[in-house]
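Spelled out, the chains give:
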Amino acid sequence: MADSFGRFRGASVQSPSDRRPRSVAGQVFVLQVAVVILLVAGAVLALVLQSRYDNDQEARQRAVSVAETFAHSPGLLAALESPDPSSVLQPLTEAARREADVDFIVVTDTQGIRYTHPRPELIGQRVVATIEPALAGHTIVESVHGPLGHEEQAVVPVMDAAGTVHGVVIAGLRVENVNGVLDRQLPIILGTAAAGLAVATGGTALVTRRLRRQTHGLDPAEMTRMYEHHDSVLHAVREGVLIVGADTRLLLANDEAARLLDLPPGAEGRRIADLPDLDPGMAQLLASGRLVTDEVHLAGGRLLAVNQRPTDRHGGPRSTVATIRDSTELTALAGKVETAGRRLRLLYDAGGSIGTTLDVVRTVEELAEIAVPRFADFATIDVADPVLAGGEPTGNDARMRRIAVRGIRDDHPLYPRGMLIDFVSSTPQARGLGSGRPEIVADLSTATGWHAQDPERAGEIVAYGIHSLITVPVQARGAVLGVANFWRLERPEPFDEEDLSLAEELVARAGVSIDNARRYTREHALAVALQRSLLPRALPEQSALEVAHRYLPAQSGVSGDWFDVIPLSGCRVALVVGDVVGHGLHAAATMGRLRTAVHNFATLDLPPDELLDHVDDLVARIDQDETDSSVGSGIIGATCLYAIYDPVSRRCTMARAGHPLPALVDPDGRVEFPDLPAGPPLGLGGMPFETAEFEVAEGSSLVLYTDGLIEDRTRDFDVGMDLLRRALAHAGRSPEESCLAVLEALLPSRPKDDVALLIARTRVLGPDRVADWDVPADPAAVAGMREAVSAKLDEWHLEDLSFGTELILSELVTNAIRYGTEPIRVRLLRDRSLICEVTDGGSTAPHMRYAATTDEGGRGLFLVAQVAARWGTRYLPEGKVIWAEQPLPTTGPDGESKA
């Protein structure tokens, strides 16, 4: 108890002056000091007044006595009649003054002129006194301010026997020179006062010690505040408190105790046995005073938990204190708290569990998963069909697609997943879709509007035991996307308003995630459509490679991966794979620009390193232009691999710009990754690209891919490369089969990046389809060249092309002999078309022009262009090749194909 008082005192608020208020003993001490001081002051004042009065009286009496004695002294009349009264009387008055202990004795004549005075210089002057009464024979006493100060003096006449006044005797003294009772009694009074103060101080000290022990050091303000606080707390707590004395009288009962025990007014002070409405068992417990801990008693329809302890164990008076709690209310409150906690945890878990993906169907399923069984026994969510495809909902259309069905049992009679449901207007679902407000159907067995949807199935649902329903529209940004239905089976009580509030909050959180997924689905579909429109829809026809490809957009958004197969002159084929950093429409649009650029540069028949140089310059220029003009964000980064395969020489030339290494699978299934210099990504500039050239066996496979195939957060890059090697290490597989094997081995279920895969198995253009000749630098050799070519065409059953081919070769060989340098070679290739190639060591490219009518030459290339389907020039390290293509005839005269 002392500790509690000490803590309370330590928490008390100090006065503004930071001084502790006086204790009760201190206040009593101050009062005692004040009383003593007042008493002493009164006594001294009374003593002073009495002393002053006594002094005045004594001074008067002494003055009168001395004056009368001197006035009647013998010889005074004779002295007055003498020629020099002063010389006679002055010594006599001074001697008498000293003997009588007065301040002065003055003798005057009848005119008031002094004959004597203690101060001789005043002799002969008029006396300060009223002498008229004395001249009349009377004695008077008066107070005057004379030469010696404030004086009490007696004026006595000097008369002869006949009564004639011959002079006046005045005797007096100053009042302060009278020694009265003040001088004698003042020390006694002051000593008594000091003794009284000492006694008061000692008594105060004793009382202070006693009070401090009894009040535990609290001052009056603290005691008042403590009492007020304790009293307010005692009556404000929701726990009954009773104090019962040793004689079983109820000493104290707070408000809660009076309420719980139905105590009558004025119960305090009465014996426990005399309280009429108190439960007998409770009365017996309180009167017994025994030690009790959480003992439960039924009183007045309440289940009360009682604790009882004696108070004398801590130095208090002998009594008992009992505390009473209403367990009924606590149980109900605990149930409410537990329910609120479960709902808060449900909402918290919903925030982390709903919307983990940007997929509409998966988000809807997550809503059903979090609701069952923690909120409802069954949950069904229906969504408008346009929402699934990323579109906007169609207004008040009540037709919904059931996307998610989840329950505690699988044998339920609810509509199955995937069913298109057209809710009739009387159902709560249709009303919610129209108004956007949720509804509770407390009893499904009596809900006629709900039964109208499907009476037979409604009967099955009721017979199954499902008895209550909450339907909440799924809304976002003011639009209704669908409707969520929560069904109750096992709990017998129906859904209530609190359940409805929880369902609204749960669905509202899910609605935002569903709308985000819907909007993402729309944007993703647009981006995928754009990207697929920019990718090759069908591979071109060519005979050099058997090609299979795969393109898989990322689940999180389209990227800038692309691939291409580009036929080149001389039966060669270019393979391209590229990757633009980033996701979204910008990456897809950038990919389209780069793919177009590669196509355009490929038509120039550039070698891989030169082509990548041109594309690198283009990317750098795009970055600079778009960044400077603030019209775009430029190209963040891009990689590319460009390969050219020649089916005649079986040579493959490659160059790459920051792209992963390609894989080469030989016919025996052995996999290797050619040592190809990496080169910087496109757009960095400043570094040349290098090529690698190697011979490829017929039936080998070239595997080109983007980094999305091998890179993944769950594995290292080297692990991905090893998985790719093992997936490709099989002999005899077709490119299509290899594509399937690679994707199955490396592709995750939900790829985070786009994947482009291109697998090409090489073919060879055999010697029976190739013919070549060395041509001397002599114009006469042109005729022999025409004959040799004509013979080869006859051998290939292409006689129909002889005229055009001879015309083309005549012009090209003549130009090579006239303008080129040796060596000069001619090559015929029979593939899907007939290709004529003339090679020379010069680097001057021919140009077609319109010749004037007077020009003798300049019409050769014009004729070649008219006869050939295509023609062009490609450069070699040692010269150039001029080529022309002619389509093969579809069938010969016998109806057989010439190709």
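Quantities reported herein were computed from a predicted structural model and do not represent experimental measurements. (Residues numbered from 1 in each chain as written. Predicted model: local features only at pLDDT ≥ 70, side-chain atom pairs only at ≥ 80, totals over all residues. Heavy atoms only, no water.)

## Some words on the overall build of the protein chain
Thought 1: Counting its regular elements, the protein chain contains 23 helices and 30 strands.
Thought 2: Taken across its 899 residues, the protein chain has 45% of its residues classed as buried.
Thought 3: For the protein chain, contacts bridging at least 24 residues in sequence account for 61% of all contacts bridging at least 6.
Thought 4: Summed over all atoms, the accessible surface of the protein chain reaches about 44,600 Å², with 54% contributed by carbon and sulfur. (Helix = DSSP H or I, 4+ residues; strand = E, 2+ residues; numbered from the N terminus. Buried < 20%, exposed > 50% of the residue type's maximum accessible area, 1.4 Å probe, protein only. Contact = heavy atoms within 4.5 Å. Areas by Shrake-Rupley, 256 points an atom, 1.4 Å probe, with all protein chains shown as cover.)

## Observations regarding empty space enclosed by the protein
Unfilled space is identified by rolling a water-sized probe across the atoms.
Thought 1: The full count for this structure, using the stated rule, is two cavities of 30 Å³ or more.
Thought 2: Roughly 150 Å³ of internal volume is contained in the largest cavity.
Thought 3: Along the walls of the largest cavity sit R402, L414, Y415, F423, Q429, W450, Q453, D454, R457, A458, I461 and W487, which together make up its complete lining.
Thought 4: The element that contributes the greatest number of residues to the lining of the largest cavity is helix α15 (residues 455-464), accounting for three residues.
Thought 5: For the lining of the largest cavity, the residue count by class is seven nonpolar, two polar and three charged.
Thought 6: Put simply, the second largest cavity is a space of about 70 Å³. (1 Å grid on protein atoms, 1.4 Å probe; cavity = no way out; pocket = protein on both sides within 12 Å on 5 of 7 lines; lining within 4 Å. Points joined across faces, edges and corners; volume = space filled by probe spheres on them. Nonpolar A, V, L, I, M, F, W, Y, C, P; charged D, E, K, R; others polar.)

## Section: the packing of helix α21 (residues 781-795) against helix α22 (residues 802-819)
Thought 1: Put simply, α21 and α22 touch, their axes get as near as 9 Å, and they point 145° apart. The two elements α21 and α22 cross, and the hand of that crossing is right-handed. Contacts between α21 and α22 involve V782, M785, R786, V789, S790, L793 and D794 from the former and S802, T805, E806, L809, S810, V813, T814 and I817 from the latter.
Thought 2: Classifying every residue of the contact of α21 with α22 gives seven nonpolar, five polar and three charged. (Axes fitted to C-alpha atoms, helices over the stretch in contact; angles between N-to-C directions. Left-handed = near helix turned anticlockwise from the far one by under 90°.)

## Notes on the sheet that holds strand β14 (residues 468-476)
Thought 1: Pairing within the open sheet is antiparallel, and its six strands lie in the order β12-β11-β10-β15-β14-β13. What marks the edges here is a single partner per strand, and that holds for β12 (420-422) and β13 (439-441). Taking the axes of each pair of neighbouring strands and ignoring which way they run, one obtains an average angle of 30° across the sheet.
Thought 2: Relative to strand β11 (residues 399-407), strand β10 (residues 378-383) runs antiparallel, the two being bridged by six bridges. Directly across from F378, in β11, lies its bridge partner G407. (Pairing = 2+ DSSP bridges.)

## Section: α22
Thought 1: Relative to the 26 Å expected for 18 residues at 1.5 Å per residue, α22 spans 25 Å between its end C-alpha atoms, a close match to the ideal helical length.
Thought 2: All buried positions along α22 are accounted for by S802, G804, T805, I808, L809, S810, L812, V813, N815, A816 and I817. (Expected span 1.5 Å × (residues − 1).)

## A few points about the pattern of salt bridges
Thought 1: Evaluated as defined, the whole model comprises 45 salt bridges.
Thought 2: Across the pair R550 and E736 runs a salt bridge whose closest N-O atoms are separated by 2.2 Å. In this pair, R550 is assigned in strand β16 (residues 545-552) and E736 in helix α20 (residues 735-746), connecting sequence segments 186 residues apart.
Thought 3: The salt bridge partner of D564 is R595, with a shortest N-O separation of 2.6 Å. One end of the pair, D564, is in strand β17 (residues 562-567); the other, R595, is in helix α17 (residues 585-602), and 31 residues separate them in sequence. Both residues of the pair, D564 and R595, belong to the buried class.
Thought 4: The structure contains a network of salt bridges with shared partners spanning E392, R477, D515, R518, R522 and E523. (Salt bridge = Lys/Arg side-chain N within 4 Å of Asp/Glu carboxyl O.)

## Brief notes about unusual backbone geometry
Thought 1: Of the consecutive residues V372 and P373, the connecting peptide bond is found in the cis state with omega at 5°.
Thought 2: Topologically, P373 is positioned in the loop between α11 (360-371) and β10.
Thought 3: Here the amide bond leading from E822 into P823 is cis, since omega sits at 0°, within 30 degrees of zero.
Thought 4: A positive phi is found at T248, a non-glycine position, where the angle reads about 60°.

## Regarding the pairing of strand β28 (residues 833-840)
The side chains of a regular strand alternate, first on one face of the sheet and then on the other.
Thought 1: In terms of burial, β28 is largely enclosed, as seven of its eight residues are buried.
Thought 2: Both strand β27 (residues 824-830) and β28 contribute to a ladder of six bridges, which runs antiparallel. Bridge pairing in β28 links L828 to C836.
Thought 3: The hairpin formed by β27 and β28 contains two residues between the paired strands.

## A few points about a nonpolar patch on the surface
Thought 1: Residues L31, V35 and L39 make up a contiguous nonpolar surface patch of roughly 300 Å² in combined accessible area.
Thought 2: By secondary structure assignment, the location of V35 is in helix α2 (residues 24-71). (Patch = residues over 30% accessible without salt bridge, like charges linked within 9 Å, V, L, I, M, F, W, Y side chains within 5 Å.)

## So, the packing of aromatic side chains
Thought 1: Counted under the stated rule, the structure contains four aromatic pairs.
Thought 2: Aromatic side chains F375 and F486 sit 5.3 Å apart centroid to centroid with 85° between the ring planes, which places their arrangement in the edge-to-face category. Note that F375 is positioned in the loop between α11 and β10 and F486 in strand β15 (residues 479-488), a separation of 111 residues in sequence. Across the pair, F486 and F375 agree in class, each one buried.
Thought 3: Centre to centre, the rings of W450 and W487 are 6.2 Å apart; their planes meet at 55°, and the pair counts as tilted. Of the two residues, W450 is situated in helix α14 (residues 448-451) and W487 in strand β15; the sequence distance between them amounts to 37 residues.
Thought 4: For W450, a relative accessible area of 7% translates into the label buried.
Thought 5: Ring-pair connections join several aromatic residues into one group, and the members of that group are F375, F486 and F495. (Phe/Tyr/Trp six-rings, centres within 6.5 Å; stacked < 30°, edge-to-face > 60°.)

## A word on the sheet that holds strand β2 (residues 140-146)
Thought 1: Sheet architecture is open: four strands sit in the order β1-β4-β3-β2, paired in antiparallel fashion. Strand pairing shows two members of the sheet lacking a second neighbour, β1 (104-108) and β2, which therefore form its edges. Neighbouring strand axes in the sheet, compared pairwise and without regard to direction, differ in orientation by 30° on average.
Thought 2: Across nine bridges, strand β3 (residues 149-159) lies against strand β4 (residues 165-174) in antiparallel orientation. Directly across from A154, in β4, lies its bridge partner A171.

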